[in-house]
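Results of the structural survey
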Amino acid sequence: MRYVLPSFEIDNKGRVLCKKHSEYSFFKLQHKSYYQERRMENLLTCKTCIHYEQNDCYFPREEINKIEFDREKRNRFKCVLCGNRIDRMLTIIQKLYYEEKFNVKIPLICCICYETLKNGTFLEFFGKKFFISIMFDLFSIFFLFSEPFPFNVVNFALYITFMFSLKVLLKKVLHLNIFLPDLIRGKKYYDKYFNQNEKLT
Ligand SMILES: [Zn+2]
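Residues numbered from 1 in each chain as written. Predicted model: local features only at pLDDT ≥ 70, side-chain atom pairs only at ≥ 80, totals over all residues.

Considerations on the overall build of the protein chain
- Helix and strand counts for the protein chain stand at 10 helices and two strands.
- Rg of the C-alpha trace for the protein chain: 21 Å, well past the compact-globule value of 17 Å for 201 residues, more than 25% over.
- If you line up the protein chain on its principal axes, its C-alpha atoms span 70 × 45 × 40 Å.
- Counting all 201 residues of the protein chain, 16% fall into the buried class.
- Long-range contacts, defined here as pairs at least 24 residues apart, represent 56% of the contacts in the protein chain between residues at least 6 apart. (Helix = DSSP H or I, 4+ residues; strand = E, 2+ residues; numbered from the N terminus. Rg over C-alpha atoms; globule rule 2.2 N^0.38 Å. Buried ≥ 20, exposed ≤ 12 C-beta atoms within 10 Å, placed from the backbone. Contact = placed C-beta atoms within 7 Å.)

Structural data, given as structure tokens:
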């Protein structure tokens, strides 16, 4: 059976679009209203495409389901710069396609980081998150040593769990990842591949 080869482009908001998606003409509509934008966000997945329905895409339906499972449930696809989960599946599909078809590895970058790279504010954004992260940890340590409750192992474990959960919540709800190892890893990646000044020195 002949299958449809996907073809990708990136719009001005950094979203990966598939030119073969059955809703492509809607994606390309100019001056979309707020509700049309919301609708587009919901449609921007292989699962709303006719080729997924007909199972005639280069990516078989089962593979698309597996990719979505890995993305949503197993957090397998993360942004190389901030460590957040990639929300838009087409970003992942594009990466996998280029890797399989052309042996070209492209990094997974979330829309927020893409935007900061585009307008040159990545370091500023990183600095803010780094500051919040350090403050968060310092506050935790001071709070713990101020002995607000009788110090014992159970209280200590409960407090650490609470602070950790708070960080996870910030990451999931606000997409604000303040886990220090993720931040440092992302900054190293940025310095290696995107920071031109760093490269010249
Ligand atoms: Zn990111």
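Considering the domain arrangement of the protein chain
- In terms of domain boundaries, the protein chain breaks down into domain 1 (8-111) and domain 2 (120-196).
- Its C-alpha centre places domain 1 at a distance of 29 Å from the equivalent point of domain 2.
- Facing five residues of domain 1, the contacting portion of domain 2 comprises nine residues.
- Of the residues that constitute the side of domain 1 that touches domain 2, the class distribution is three nonpolar, two polar and no charged. (Domains from an automatic or database assignment. Nonpolar A, V, L, I, M, F, W, Y, C, P; charged D, E, K, R; others polar.)

Structural notes on the confidence of the model for the protein chain
- Across the protein chain, pLDDT averages 89, with 95% of residues at or above 70.
- Looking over the protein chain, one finds the lowest element-wise mean pLDDT in helix α10 (residues 196-200), namely 52, and the highest in helix α3 (residues 50-53), namely 96. (pLDDT = per-residue confidence, 0-100.)

Side note on the packing of helix α4 (residues 61-72) against helix α5 (residues 89-102)
- Running from amino to carboxyl end, α4 crosses α5 at an angle of 120 degrees, the nearest separation of the two axes being 11 Å. In terms of their interaxial angle, α4 and α5 are classed as oblique. Handedness of the crossing formed by α4 with α5: right-handed. Along the contact surface, α4 presents I67, E68 and R71, while α5 presents M89, I92 and I93.
- Of the residues belonging to the contact of α4 with α5, the class tally is four nonpolar, no polar and two charged. (Axes fitted to C-alpha atoms, helices over the stretch in contact; angles between N-to-C directions. Parallel < 35°, antiparallel > 145°, perpendicular 65-115°, else oblique. Left-handed = near helix turned anticlockwise from the far one by under 90°.)

A word on the nonpolar core
- One finds C79, L81, I93, C110 and C113 to be the most contacted residues of the largest nonpolar core, which totals 21 residues.
- Listing elements by their share of this core, those giving two or more residues are β2 (16-18) and α5.
- No other element matches α5, which puts four residues into this core.
- What I93 contacts, discounting residues up to four positions off in sequence, is P6, C46, F59 and I67. (Core = buried A, V, L, I, M, F, W, Y, C linked by C-beta atoms within 7 Å.)

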